[in-house]
Structures are given as structure tokens and as C-alpha cells.
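Per-entry structural report
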Amino acid sequence: MTTAKKTTPTIDPKPMDDAVAAGKQSVEQAVAATKEQVEKASNAALKSYDDFAVYNKEAVDAYVKAGNVMTKGMEDLGKTLFAFAQSQAEANVSATKAMMTAKTLNDVVEIQSDLARSQFDAFVAESTKVSEMSLKVANETVEPIQAQFTVVVEKMMKPIAA
């Protein structure tokens, strides 16, 4: 009896190697594309963070400048009010001295009337001055903040317009 020789079929490894190479190439392409997208996203995030930091610093600077302007304006306003109060106190002392030396009741009434009239006129004039100073301080205080707001809006609108 003869035994048949068994032959094993030979498998060509080339298609398998080609499939592995194609799979490897696809994975490498996917990794490269992902890496590129991650780098783009990271750069965009870092640029946004840098822009935010700059905007934040500029905003803080604007608020500090506004605070300084307001402080100076309030100091000037306080000095003006104090000077007015001092002048009114001096006018009262002067009128009191005049009343002490008055000879008649009519003289006292006349001195008192003159004092009341002059103090009312001074009060109206000083009120106008204080109102104008307050308005000026308010406007000057808002200017740095408004300017910074305008700059930020313009910067933010550029990417939208592009």
C-alpha cells in the first residue's frame, strides 16, 4: 500500500502583508490627522487665552485709571465743599459780630436779612459749581472704561467680519 503524500497548500503571504501595510498606513494617517487637529485646537485655545489675558489686563488698567480720575475729582470736590463751608462760617461769624454791635432791632434785622440773602446767593452759585464739577468727574471717570469697551468690541468684531 502506498501512502499518498499529503501536500499542504501554500499560502501566499503577499495579500496579508499588503492588508497589514494598508491598515498600518490608515492608522498612521488617522493619528497624523488627529495630531494636526489637536495642535490646531491647542493653538486656537492658547491664542484665545492670550487674547483674554490681554483684554483682562487692559480692562483692569481702564478701571484703575477711572478710579484714579474719580479719586482726584472727589478730592477736588471735597476741597471745594470745605472751602464753601469755611467761607459761610466766616460770614456767620462776621454777621454775628455785626449783630452784637447793632444799636437797634432794625439794624439786627437788616444784618440778618443781608446775611440770609448773601448765603442763599452763595448757596445757589456753589450748588451750580458743585453740580458742574460732579458731572465733569462722572464723565471723566467713565471715559477710560468706555474707551476700553469700544476697543474690545472693535477687536471682537474683526473676526466676525472676516
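In what follows, the structure referred to is the one given above.
As a starting point, this report considers the structure included with it. Predicted model, so just to flag it, every value in this text is computed and none were measured. (Residues numbered from 1 in each chain as written. Predicted model: local features only at pLDDT ≥ 70, side-chain atom pairs only at ≥ 80, totals over all residues. Heavy atoms only, no water.)

1. Some thoughts on the overall build of the protein
Counting its regular elements, the protein contains two helices and zero strands. Considering only C-alpha atoms, the protein reaches an extent of 165 × 35 × 15 Å along its principal axes. Out of the 162 residues in the protein, the part that is buried amounts to 11%. Of all intrachain contacts in the protein linking residues separated by at least 6 positions in sequence, the fraction that spans at least 24 positions is 80%. With the model as given, the accessible surface of the protein reaches about 13,200 Å², and the carbon-plus-sulfur share is 65%. (Helix = DSSP H or I, 4+ residues; strand = E, 2+ residues; numbered from the N terminus. Buried < 20%, exposed > 50% of the residue type's maximum accessible area, 1.4 Å probe, protein only. Contact = heavy atoms within 4.5 Å. Areas by Shrake-Rupley, 256 points an atom, 1.4 Å probe, with all protein chains shown as cover.)

2. Points about the environment of Met133
Within the element layout of this structure, Met133 appears in helix H2 (residues 105–161). The class of Met133 is buried, set by a relative accessible area of 18%. Residues Met133 and Asp76, 57 residues apart in the sequence, show an inter-C-alpha distance of 8.6 Å.

3. So, a nonpolar patch on the surface
A cluster of nonpolar side chains, namely Phe120, Phe123 and Val124, defines an oily patch on the protein surface of about 320 Å² accessible area. Classification of Phe120 by relative accessible area gives exposed; the value is 54%. (Patch = residues over 30% accessible without salt bridge, like charges linked within 9 Å, V, L, I, M, F, W, Y side chains within 5 Å. Salt bridge = Lys/Arg side-chain N within 4 Å of Asp/Glu carboxyl O.)

4. Notes on the side chain of Glu126
Take Glu126: it is sitting in helix H2. Those residues in contact with Glu126, other than ones at most four positions away along the chain, are Thr80 and Phe84.

5. Topic: the environment of Asp114
As for its placement among the helices and strands, Asp114 is situated in helix H2. When the C-alpha positions of Asp114 and Ala95 are compared, they lie 8.9 Å apart, and in sequence the two are 19 residues distant.

6. Examining the pattern of salt bridges
Enumeration according to the criterion identifies six salt bridges in this entry. Between Lys79 and Glu75 there is a salt bridge, with the nearest N and O atoms lying 3.3 Å from each other. In this pair, Lys79 and Glu75 are both assigned in helix H1 (residues 14–100), four residues apart and thus about one turn of the helix distant. For Lys79, a relative accessible area of 52% puts it in the exposed group. A salt bridge links Glu140 to Lys136, with the nearest nitrogen and oxygen atoms 3.9 Å apart.

7. A look at the environment of Glu154
One can find Glu154 in helix H2. Overall, the relative accessible area of 49% leaves Glu154 in the partly exposed class.

8. Side note on H1
An ideal rise of 1.5 Å per residue puts 129 Å on 87 residues; H1 measures up with 127 Å between its terminal C-alpha atoms. Within H1, burial applies to Tyr55, Ala62, Ala66, Gly73, Leu77, Thr80, Phe84, Gln88 and Ala95. (Expected span 1.5 Å × (residues − 1).)

9. What to know about the side chain of Gln148
By secondary structure assignment, the location of Gln148 is in helix H2. For Gln148, a relative accessible area of 14% puts it in the buried group. One polar contact links Gln148 to Glu58, side chain to side chain, over a distance of 3.3 Å. Every residue in contact with Gln148, bar those within four places of it in the chain, is listed here: Tyr55, Glu58, Ala59 and Ala62. (Polar contact = N/O pair within 3.5 Å; in protein donor to acceptor, adjacent residues only side chain to side chain.)

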